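Okay, here's what each chain looks like letter by letter:
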Amino acid sequence: MPEPPTGTSAHRAQAHGRHANHHRYHDGAQVDGYVDDPYHRVRRAVAARLVAEGVTGGGPVLELGCGSRGMLDPATLPGPLVLADMAETALGTARRAAGGRALPVCLDATRGLPFRAGSFAGLLAGELIEHVYDPLALLRECHRVLAPDGLLVLTTPNLAPVQDRLAFLAGRAPRQVDPLHPYLWLHIRPFTASLLRRTLRRAGFTPTAIRSNEVGWRLPGGRWVTSRWLARAAPGLGGSLICAARRRATAPPPRNSA
């Protein structure tokens, strides 16, 4: 099946998204404003646990798009931690928060990763893939820099949580595609659980686990009711998708292969 072409127009779109994201997240203030919220605290904890329990060997682990407050504790990892972000100010804050026990690298994930093939035993990308114009290219780079059987864990907002599924039937758009929202308009590639698995497979990964943080429902008065149990039983209905996948030994097929 043909895939979206790359070329001048694609590069322009990528550059536009890069500029918009850097403007919003350059100093880490946006991230600091939400990571202590229970919704994100659970998401981050689940992702960090998947990494800590799933990385094998003593190779380094890369946290890509760490922002000002990375998710990983270097003390829980079998090897060194590398923190990466395109925002230098936020990256410096994340390094200090890690107690100086992490190597910071300033990079732009949409331009390719400046690491040798097979450099990492594990890679965590939290709330990043929905921000890039070409998520398949990003995942192929993750595949390249991971060692064989290396672990990839990523988190991304769910396009189809239970409330949005019902809202869509009533003719209302899912929250993740709202162009008027103050920051969700930057989520240019939203995923469902099934689409995320399919994209990972195309990029050369074998999905091994899918988790969520909570299934939520807003009552008529505005109060949220949430369930962690439902998120464990049916993660595809939850607010956030947290996925673990293993790098297959074979390289992903060419972009335009069937």
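Remember, it's a predicted structure, so these values are computed and weren't measured experimentally.

Reading the values: the criteria
Residues numbered from 1 in each chain as written. Predicted model: local features only at pLDDT ≥ 70, side-chain atom pairs only at ≥ 80, totals over all residues. Heavy atoms only, no water. Helix = DSSP H or I, 4+ residues; strand = E, 2+ residues; numbered from the N terminus. Buried < 20%, exposed > 50% of the residue type's maximum accessible area, 1.4 Å probe, protein only. Contact = heavy atoms within 4.5 Å. Areas by Shrake-Rupley, 256 points an atom, 1.4 Å probe, with all protein chains shown as cover. Phe/Tyr/Trp six-rings, centres within 6.5 Å; stacked < 30°, edge-to-face > 60°. Lys NZ or Arg CZ within 6 Å of the ring centre and 35° of its normal. Pairing = 2+ DSSP bridges. Right-handed = clockwise from strand over helix to strand, strands pointing away. Patch = residues over 30% accessible without salt bridge, like charges linked within 9 Å, V, L, I, M, F, W, Y side chains within 5 Å. Salt bridge = Lys/Arg side-chain N within 4 Å of Asp/Glu carboxyl O. Lys, Arg positive; Asp, Glu negative; His and termini not counted. Charge placed at Lys NZ, Arg CZ, Asp CG, Glu CD. Core = buried A, V, L, I, M, F, W, Y, C linked by side-chain atoms within 4.5 Å. Axes fitted to C-alpha atoms, helices over the stretch in contact; angles between N-to-C directions.

K.L.:
What exactly am I supposed to notice about the overall build of the chain here?
P.N.:
Scanning the chain from terminus to terminus reveals eight helices and nine strands. Within the chain, buried positions represent 48% of all 258 residues. For the chain, the proportion of contacts with a sequence separation of at least 24, taken over those separated by at least 6, is 71%. Here the chain displays about 12700 Å² of accessible surface, and carbon together with sulfur accounts for 58% of that area.

K.L.:
Where do I start with the packing of aromatic side chains in this structure?
P.N.:
For any pair of aromatic rings, the description rests on two quantities: the centre-to-centre distance and the angle between the ring planes. All chains considered together, the criterion is met by one aromatic pair. When the ring of F115 is compared with that of F120, the centres are 5.0 Å apart and the planes differ by 90°; the resulting orientation is edge-to-face. Across this residue pair, the class does not change: F115 and F120 are buried. Positioned above the aromatic ring of Y133, the side-chain terminus of R189 is 4.9 Å from the ring centre.

K.L.:
I tried to follow the pairing of strand β3 (residues 102–106) on my own but got confused; where do I start?
P.N.:
Working note: regular strand, side chains alternate between the two faces of the sheet. Pairing of strand β2 (residues 81–85) with β3 involves five bridges; the strand directions are parallel. Bridge pairing links L83 to P104 in β3. In this region the chain leaves β2, passes through helix α4 (residues 88–97) and returns to the parallel neighbour β3; the handedness of that crossover is right-handed.

K.L.:
Just to check I follow, could you spell out unusual backbone geometry for this structure?
P.N.:
Leaving glycine aside, a negative phi is the common case for residues, and trans is the common case for peptide bonds. Even without being a glycine, E127 presents a positive backbone phi close to 55°. Since its relative accessible area comes to 15%, E127 is described here as buried. For D149, which is not glycine, the phi torsion reads 70° and is therefore positive. Structurally, D149 can be placed in strand β5 (residues 146–157).

K.L.:
Where do I start with a positive patch on the surface in this structure?
P.N.:
A contiguous patch of positive charge on the surface is contributed by R49, R211, R228 and R232. Among the secondary structure elements, R211 is positioned in strand β6 (residues 205–212). For R211, a relative accessible area of 40% corresponds to the partly exposed category.

K.L.:
So what exactly am I meant to see when it comes to the pattern of salt bridges here?
P.N.:
Pairing between side chains of opposite charge can happen when their charged atoms approach one another. The final tally for this structure, using the stated rule, is five salt bridges. Between R69 and D36 there is a salt bridge, with the nearest N and O atoms lying 3.0 Å from each other. On the criterion of sequence distance, the pair formed by R69 in the loop between β1 (61–64) and β2 and D36 in the loop between α2 (29–32) and α3 (38–54) is long-range, its members being 33 residues apart. Classification of R69 as partly exposed rests on a relative accessible area of 29%. With a closest N to O distance of 3.1 Å, D108 and R111 form a salt bridge.

K.L.:
Before we go on, may I ask you to explain the nonpolar core in this structure?
P.N.:
Across soluble globular proteins, nonpolar side chains show a tendency to be buried alongside one another. The biggest cluster of nonpolar side chains holds 33 residues, and the ones touching the most others in it are L64, F115, L123, L152, L154 and L200. If you list the elements that add at least two residues to this core, you get β1, β2, β4 (120–126), α5 (135–145), β5, α7 (193–202), β6 and β9 (240–247). Looking at which element gives the most residues to this core, the answer is α5, with five residues. The contact partners of L152, leaving out residues within four places of it in the chain, are L123, L139, C142, L146, L200, F205, C243, A244 and A245. Counting 25 residues, the second-largest nonpolar core is a separate cluster that includes V46, A48, L50 and L81.

K.L.:
Would you explain the sheet that holds β3 in this entry?
P.N.:
In a beta sheet, neighbouring strands are held together by backbone hydrogen bonds and run either parallel or antiparallel to one another. Strand order in the open sheet made by the seven strands is β3-β2-β1-β4-β5-β9-β6, with mixed pairing throughout. Two strands close off the open sheet at either side, each with one partner strand: β3 and β6. Ignoring which end each strand starts from, the neighbouring axes of this sheet average 20° apart. In the packing of α4 onto the sheet, contacts are made with β2 and β3, and the angle to β3 comes to roughly 175°.

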